[in-house]
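One-letter residues, chain by chain:
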Amino acid sequence: MMSARNLDEFFMLRALSVARQAWGGTHPNPLVGAVIVENGQVVAEGFHAQDGGPHAERVALAALGRPPALGATLYVTLEPCSTHGRTGACCDAILAAGIRRVVVGATDPNPAHAGQGFELLRAAGVEVLSGVMAAECADLNLIFNHRIVTGGPLLAAKVASTLDGKIACRSGESKWITGDAARADVHHWRRYFPAIAAGAMTVLKDNPRLTARAPDGSIWCPLRFVFDGLLRTVSNAQLPHVYTDEHRARTIVVTTPHGGMGYVRKLRDLGVQVWVMETPTQRVNFADFRLRCTEEKVAGVYFEGGAQLVSELLRSRQLDYLFAYRAPVLFADEKAKGMFTGLRPDLVAQAVRLADVRHATFGDDSVMRGRVIYPEKLVLDEAQLASR
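Residues numbered from 1 in each chain as written. Predicted model: local features only at pLDDT ≥ 70, side-chain atom pairs only at ≥ 80, totals over all residues. Heavy atoms only, no water.

Asker: For this particular structure, what's the right way to read the pairing of strand E18 (residues 365–373)?
Answerer: Remember that side chains alternate between the two faces of the sheet whenever the strand is regular. Bridging between strand E15 (residues 321–326) and E18 involves six bridges; their strand directions are antiparallel. By the bridge assignment, Ala 324 is partnered in E18 with Met 368. As paired strands, strand E17 (residues 353–362) and E18 are joined by eight bridges and run antiparallel to one another. Residue Arg 358 lies in a different strand from E18, and its bridge partner there is Arg 369. Between the end of E17 and the start of E18, which pair antiparallel, lie two residues, with Gly 363 showing a positive phi angle near 65°. (Pairing = 2+ DSSP bridges. Helix = DSSP H or I, 4+ residues; strand = E, 2+ residues; numbered from the N terminus.)

As structure tokens, then:
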């Protein structure tokens with residue numbers, strides 16, 4: 001027989017599973033799942049499906065369709081809201097329904113609201129147990145939590161490497177370092193982020209579609225950013241898929257005034273969006289890009305390469321989160337292409353680190369992911385940067 005704590009974790013796992021049914025569909029709002037349990041049985045459940053829609057607690061209560069039984073427990077992955085927004089405070093709905101026990105996973109990340117829902121419910125005589133599987137529930141909302149705390153988008157990157165940190169042979173060949181299961185997980189995260197980004201060289205070399213493929217084979221297209229300061233991707237007669245396919249209206253080329261307005265007009269005539277970022281160099285300033293994303297309400301961007309683009313993101317201290325996939329493969333070749341360049345720490349203390357690290361395995365491959373934590377001073381390799 002399960003202990004009370006294990007029973008609470010069991011039903012919170014169910015609430016997490018329910019929340020994931022809206023995976024990638026709630027931005028800028030969080031993923032939230034709710035489960036109502038009576039006498040050890042799930043009798044109703046609900047999740048927040050989209051921005052502006054009813055919250056998970058209200059969906060679960062509506063699905064129940066009657067007053068909860070005496071002794072019912074509500075499990076919810078995120079602290080119930082205590083303020084009145086477009087859908088009304090969920091704490092009010094819980095009290096009106098007569099639920100007397102609430103088990104919560106993560107606390108509201110907004111410092112102005114954190115804990116207020118708990119206090120309101122407890123003041124009304126409701127038993128509140130918080131922090132059940134808190135880390136798992138917080139991990140559900142990487143993008144939302146980052147936006148609430150910082151006010152801006154989560155800029156994340158994905159790399160796939162060998163055991164010795166190489167992403168391609170010296171010839172440039174890289175398909176495939178990781179296996180099918182790991183690449184399926186990449187598509188899972190592509191679906192989570194509202195936007196995917198790639199650099200000009202990656203687009204020219206691989207001609208990626210930058211879409212997300214679901215397990216059932218269906219395709220979903222996020223916003224697709226192409227970073228191309230000189231608009232090299234437009235100069236060839238054969239244009240990339242992202243400029244010509246049925247989703248091209250969701251492609252945004254991020255460039256500089258150095259690319260030429262003729263190419264900008266060509267892209268716009270194709271139905272492709274263009275963001276021209278003012279800069280004295282041929283490279284886009286990532287701080288300006290972050291600000292533009294905030295203005296355009298793009299809550300998160302998943303950078304998929306290439307190595308130069310992601311390295312520039314790291315060097316400018318603009319990379320917030322990293323997904324590092326690793327395969328049991330060794331190149332043992334100093335001229336094979338590495339993951340990151342441009343830094344020169346002399347001490348371990350000067351290294352970039354990950355926090356809130358999570359691990360997973362996919363067949364023989366593994367992934368480590370976490371928040372990027374920068375040292376007080378980021379030591380750049382000025383000689384290498386000058387040679388570019």
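Asker: How should the sheet that holds strand E3 (residues 73–78) be read in this particular structure?
Answerer: By way of backbone hydrogen bonds, the strands of a sheet pair with one another, either parallel or antiparallel. Read across the sheet, five strands follow the order E2-E1-E3-E4-E5 without closing on themselves; strand pairing throughout is mixed. Looking along the sheet, the strands with just one partner apiece sit at the ends: strand E2 (41–47) and strand E5 (127–129). Put simply, the sheet's adjacent strands are angled 20° from each other on average, direction ignored. The pairing of strand E1 (residues 33–38) with E3 spans four bridges and is antiparallel. For Ala 34, the partnering residue across the bridge sits in E3 and is Val 76. Each of E1, E2 and E3 touches helix H2 (residues 56–64); the most contacted strand, E2, lies at about 130° to it. (Axes fitted to C-alpha atoms, helices over the stretch in contact; angles between N-to-C directions. Contact = heavy atoms within 4.5 Å.)

Asker: Is there a simple way to think about the nonpolar core in this case?
Answerer: By size, the foremost hydrophobic cluster in this structure holds 55 residues, and its most contacted members are Met 12, Val 102, Trp 189, Tyr 192, Phe 193, Phe 323 and Tyr 325. Of the residues forming this core, the biggest block, six residues, is contributed by helix H1 (residues 4–19). Judged by nonpolar contacts, the second largest core, of 29 residues, contains Ala 157, Ala 195, Cys 293 and Leu 378. (Core = buried A, V, L, I, M, F, W, Y, C linked by side-chain atoms within 4.5 Å. Buried < 20%, exposed > 50% of the residue type's maximum accessible area, 1.4 Å probe, protein only.)

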